[in-house]
Amino acid sequence: MTTSAARTRLEPAVLEWLEAAEELMAGLPDLRSPDWTRRRKAAGELADELARRFTRPGPAECEVEDFQAYGGLTMRRYRRPGGEIRAAHLSIHGGGFAHGSVYEEINDRLLRQRAMDSGVDIFTVDYRLAPEHPYPAALNDCVDMMVWLIDHSHELRIDMDRIGVGGSSAGGNLAALVAARARNTVHHQVLEVPAASLDISRDASYREFGELEPFGDLSELRAAYLAEGIPADEWTAPDQVDRLEGLAPALVITAECDPLRDCGQAYAARMAEAGVDVQTWCGPGQTHGSPGVTRTSVIAREWQDRVSDYLRTITAA
């Protein structure tokens, strides 16, 4: 395999993960199927196999429970054992608005560890996916789930005044928008490699590292999410939100070799200019999907520790 200039910037463990992903993709032709059900099945198989190889198992003692929330959506909770009232965090999975679920191995492994390390109850939602459910279905689902957490805070034994939101990639897009739309109720936000813009074609990071995003055509995913005839508006992406004053404190984590790096950093800068308490960190040698490579990557482990430390600190009563 020819090593490009972009690949030489990757941490060796990340390059190993990327090459394994490309090898596995060659045996999954349905990843390019026009049938989105078949495509999602193949994408799930790819994600789960990569997680089994490259992500440390989550602690078995973490308590995991599923709930049926508004609209029949599944909410899953990860909780450190104990009966005290806790802060809570709604974690929104990535997948380009068209893939991913609460059941993927990568989410289970990372969120088990995050809940145990932070002492915060982590909830994740199986929101509706495009193209069957284009914008604004996913955003509406995630906003509804914040309301559901508040409405059920007593029985869930969570503090309704300490409920935050976060997400990765497309989940970071949705989390930032939930924080903006429900700014009077969101306690904190954690945005990891966020899709803060749906048009990154002019970004230097996209031009330099676009080849390192093998898991989906970004323009195709955008078209699936913003179906024909649906106008883009203020709530399609964080970079379209006009007013950022008064948003909850935020941790924004980007990756050095991620095509989405520049848009995430630009959104963090806009929040800071608006007076939001923003902490930022850029993972050296990391690319878009590599923060889950915790079995082999020292930097990916640092990434996860930084998020857990932030959640523990920001929610301290």
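Residues numbered from 1 in each chain as written. Predicted model: local features only at pLDDT ≥ 70, side-chain atom pairs only at ≥ 80, totals over all residues. Heavy atoms only, no water.

**Quick look at the side chain of Thr 254**
Next up, step 1: In this structure, Thr 254 sits in strand E7 (residues 250–255).
Next up, step 2: A polar contact of 3.2 Å, which involves the side chain of Thr 254, links it to the side chain of Gln 265.
Next up, step 3: Ignoring anything within four residues of it in the chain, the contact list for Thr 254 reads Val 193, Arg 261, Gly 264, Gln 265, Trp 281, Cys 282, Gly 283 and Trp 303. (Helix = DSSP H or I, 4+ residues; strand = E, 2+ residues; numbered from the N terminus. Polar contact = N/O pair within 3.5 Å; in protein donor to acceptor, adjacent residues only side chain to side chain. Contact = heavy atoms within 4.5 Å.)

**What about the nonpolar core?**
Next up, step 1: Counting 63 residues, the largest nonpolar core has Met 75 and Leu 90 as the members making the most contacts within it.
Next up, step 2: Sorting the residues of this core by element identifies strand E3 (86–92), strand E4 (121–125), helix H4 (137–151), strand E5 (158–168), helix H6 (170–181), helix H8 (218–225), E7 and helix H9 (261–273) as the ones contributing at least two each.
Next up, step 3: The element best represented in this core is H4, accounting for 9 residues.
Next up, step 4: The residues contacting Leu 90, other than those within four sequence positions of it, are Met 75, Phe 123, Thr 124, Val 125, Cys 142, Met 145, Met 146, Leu 149, Gly 164, Val 165 and Gly 166.
Next up, step 5: Formed by 20 residues, the second largest nonpolar core is a distinct cluster that contains Leu 10, Ala 21, Leu 46 and Val 293. (Core = buried A, V, L, I, M, F, W, Y, C linked by side-chain atoms within 4.5 Å. Buried < 20%, exposed > 50% of the residue type's maximum accessible area, 1.4 Å probe, protein only.)

**Digging into the environment of Thr 294**
Next up, step 1: Along the polypeptide, Thr 294 turns up in the loop between strand E8 (278–283) and helix H10 (298–314).
Next up, step 2: Given the relative accessible area of 4%, Thr 294 is considered buried.
Next up, step 3: In sequence terms Thr 294 and Ala 51 are 243 residues apart; their C-alpha atoms lie 9.3 Å from each other.
Next up, step 4: Beyond its immediate chain neighbours, meaning those up to four positions away, Thr 294 contacts Phe 54, Thr 55, Arg 56, Leu 110, Ala 300, Arg 301 and Gln 304.
Next up, step 5: A polar contact of 3.0 Å, which involves the side chain of Thr 294, links it to the backbone nitrogen of Arg 56.

**Notes on H8**
Next up, step 1: Looking only at H8, the buried set comprises Leu 221, Ala 224 and Tyr 225. What you see down the axis of H8 is that its buried residues fit within an arc of 95°, all on one side. (Arc of directions from axis to C-beta.)

**So, the sheet that holds strand E2 (residues 74–79)**
Next up, step 1: Taken together, the 8 strands give an open sheet; going across it, the order is E1-E2-E4-E3-E5-E6-E7-E8, and neighbouring strands pair in mixed fashion. Of all the strands in the sheet, just strand E1 (63–68) and E8 have a single pairing partner and so form its edges. Geometrically, the sheet is characterised by an average inter-axis angle of 20° between neighbouring strands, direction not taken into account.
Next up, step 2: Both E3 and E4 contribute to a ladder of 4 bridges, which runs parallel. Bridge assignment links Ala 88 to a residue of E4, and that residue is Asp 121.
Next up, step 3: Packed on one face of the sheet, helix H3 (residues 105–118) meets E1, E2, E3, E4 and strand E6 (189–192) and runs near 45° to E2. (Pairing = 2+ DSSP bridges. Axes fitted to C-alpha atoms, helices over the stretch in contact; angles between N-to-C directions.)

**Side note on the environment of Ile 200**
Next up, step 1: Looking at the element boundaries, Ile 200 is found in the loop between E6 and helix H7 (204–209).
Next up, step 2: With a relative accessible area of 7%, Ile 200 lands in the buried category.
Next up, step 3: Those residues within four positions of Ile 200 in sequence are excluded, and the remaining contacts are Tyr 206, Leu 218, Pro 259, Leu 260 and Cys 263.

**What to know about the pairing of E6**
Next up, step 1: With burial as the criterion, each face of E6 is covered, one bearing Gln 189 and Leu 191 and the other bearing Val 190 and Glu 192.
Next up, step 2: In the sheet, E5 pairs with E6 via 4 bridges, with the strands oriented parallel. Across the sheet, residue Gly 167 finds its bridge partner in E6, namely Leu 191.
Next up, step 3: At this point the chain moves from E5, through H6, to the parallel E6, and the crossover so formed is right-handed. (Right-handed = clockwise from strand over helix to strand, strands pointing away.)

**Observations regarding the pairing of E2**
Regular strands place side chains that alternate from one sheet face to the opposite one.
Next up, step 1: Within E2, 6 of the 6 residues are buried, which leaves the element mostly enclosed by the surrounding structure.
Next up, step 2: Of the two faces of E2, the one holding Thr 74, Arg 76 and Tyr 78 and the one holding Met 75, Arg 77 and Arg 79 are both buried throughout.
Next up, step 3: Where E1 lies against E2, 6 bridges are found, and the strand directions are antiparallel. Across the sheet, the residue bridging to Asp 66 is Arg 76, located in E2.

Remember, this is a structural readout, not a statement about activity or role.
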